[in-house]
Amino acid sequence: MFRFHKPVDIVTLFHKAQSPASTQVAKLLKEVSASGTAAANATDTPTNDQAQSKRLSRVFELEITETPPTADQLQTILDYLGKDQISQVIKGATTKKDALEKFRQNTASFSAPLVVDWHHGRAVAASTNSKILEMLEQGQTDKE
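I will try to describe carefully the structure that is included in this document. (Residues numbered from 1 in each chain as written. Predicted model: local features only at pLDDT ≥ 70, side-chain atom pairs only at ≥ 80, totals over all residues. Heavy atoms only, no water.)

**A few points about the environment of Y80**
Step number 1: By the secondary structure assignment, Y80 is in helix α3 (residues 71-81).
Step number 2: With 40 residues separating them along the chain, Y80 and H120 place their C-alpha atoms 9.4 Å apart.
Step number 3: Excluding residues that lie within four positions of it along the chain, Y80 makes contacts with V116, D117, W118, G121, R122 and A123. (Helix = DSSP H or I, 4+ residues; strand = E, 2+ residues; numbered from the N terminus. Contact = heavy atoms within 4.5 Å.)

**Quick word on the sheet that holds strand β3 (residues 114-117)**
Step number 1: Across the sheet, which stays open at both edges, the four strands sit in the order β2-β1-β3-β4 with mixed pairing between neighbours. In this open sheet, the two edge strands, each paired with only one partner strand, are β2 (60-65) and β4 (122-124). This sheet shows a mean twist of 15° between the axes of neighbouring strands, independent of strand direction.
Step number 2: With six bridges joining them, strand β1 (residues 9-14) and β2 adopt parallel strand pairing. From the neighbouring strand, F14 faces β2, where its bridge partner is T65. (Pairing = 2+ DSSP bridges. Axes fitted to C-alpha atoms, helices over the stretch in contact; angles between N-to-C directions.)

**So, the pattern of salt bridges**
Step number 1: Tallied over the full model, the rule gives two salt bridges.
Step number 2: The salt bridge partner of K96 is D79, with a shortest N-O separation of 2.4 Å. Within this pair, whereas K96 is found in helix α5 (residues 96-105), its partner D79 is found in helix α3, the two being separated by 17 residues in sequence.
Step number 3: Judged by its relative accessible area of 25%, K96 falls in the partly exposed class.
Step number 4: For D79, a relative accessible area of 49% gives the class partly exposed.
Step number 5: Between K102 and D98 there is a salt bridge whose closest N-O contact spans 4.0 Å. You can see K102 and its partner D98 sitting in helix α5, four residues apart, about one turn around the helix. (Salt bridge = Lys/Arg side-chain N within 4 Å of Asp/Glu carboxyl O. Buried < 20%, exposed > 50% of the residue type's maximum accessible area, 1.4 Å probe, protein only.)

**Considerations on the nonpolar core**
Step number 1: Residues V89, I90, F110 and L114 are the most contacted members of the largest nonpolar core, which totals 18 residues.
Step number 2: For this core, the secondary structure elements donating two or more residues are α3, α4 (86-89), α5 and β3.
Step number 3: It is α3 that contributes the most residues to this core, four residues altogether.
Step number 4: Look past the residues within four positions of V89 in its chain and what remains in contact with it is L74, L78, L81, S109, F110, S111, L114 and A125. (Core = buried A, V, L, I, M, F, W, Y, C linked by side-chain atoms within 4.5 Å.)

Rendered as structure tokens:
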């Protein structure tokens, strides 16, 4: 029987290799992505370990890029984040308009790491694992 497969969600890490925080986030996302893929491919009855890591079993395609987002991507990301987190993404910015202007003048004003879940309209401008895992977990519960 023919059936359509649902496309895999894309999660992007805007990464700065020189940043230890960004490197830590990249490592975390790679582990979560790998465990989700392994869980999706498992055909056996889940073990206790697999059941305990269910919250980390979300399947997504991880994109890691060292280039800053485009202006259009940044506008979308700022919408995802909300006003209170703008300054975490664009140094010295206080409003969305201000952030876009500063970014157009100098893309180096962009702060990495930044994790974006494009499918679920979420972004995290933090290097704390708990906030990133929370965002990924929310995306997983949206699918269930």
